[in-house]
Amino acid sequence: MDKQPHIGQIVKVLRGKDENSYAVIIDIVDERFVLIVDGDKRRFDQPKKKNVLHLELQPAISSEVTSSLLETGRVTNAKLRYVIQKYAHAKGE
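Report follows, based on the coordinates. (Residues numbered from 1 in each chain as written. Predicted model: local features only at pLDDT ≥ 70, side-chain atom pairs only at ≥ 80, totals over all residues. Heavy atoms only, no water.)

Side note on the sheet that holds strand β1 (residues 9–13)
1) Next: If you walk across this open sheet you meet the five strands as β4-β3-β2-β1-β5, and the pairing is antiparallel. On the outer flanks of this sheet lie β4 (48–51) and β5 (55–61), each paired with one strand and no other. Neighbour-to-neighbour, the strand axes of this sheet turn through a mean angle of 45°, independent of strand direction.
2) Next: Bridge analysis of strand β3 (residues 33–37) against β4 gives four bridges, and the strand direction is antiparallel. The residue bridging Leu35 from the neighbouring strand is Lys49, located in β4. (Pairing = 2+ DSSP bridges. Helix = DSSP H or I, 4+ residues; strand = E, 2+ residues; numbered from the N terminus. Axes fitted to C-alpha atoms, helices over the stretch in contact; angles between N-to-C directions.)

Thoughts on the nonpolar core
1) Next: Core analysis: the biggest nonpolar cluster contains 16 residues, and Ile10, Val65 and Leu80 have the highest contact counts within it.
2) Next: Within the residue set of this core, elements represented by two or more residues are β2 (22–28), β3, α1 (63–72) and α2 (77–90).
3) Next: Ranked by the residues each element gives to this core, the list is headed by α2, at five residues.
4) Next: Residues Val11, Val34, Leu55 and Leu57 belong to the second largest nonpolar core, which totals nine residues. (Core = buried A, V, L, I, M, F, W, Y, C linked by side-chain atoms within 4.5 Å. Buried < 20%, exposed > 50% of the residue type's maximum accessible area, 1.4 Å probe, protein only.)

What is shown is where atoms sit, not what they do.
Right, dumping it as structure tokens:
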């Protein structure tokens, strides 16, 4: 698995109060930090800056989120929740 984070990639949070929850990368700040959102506690307009070391990059990259960001520069919170829920469900969680 590629160790580089990608926009639209689903991640599992390993540290902090959102530990063990899933989120989606919406921006890459630099090689150490990314902005993540989950559409629920972390809304699109208030992303969380996270150290990549505190995230477990999942093999899934949401094309829905990626294309939405490319087209409009944003993603609805409902779409983010849907993508994360679908992914967690597919993993059997």
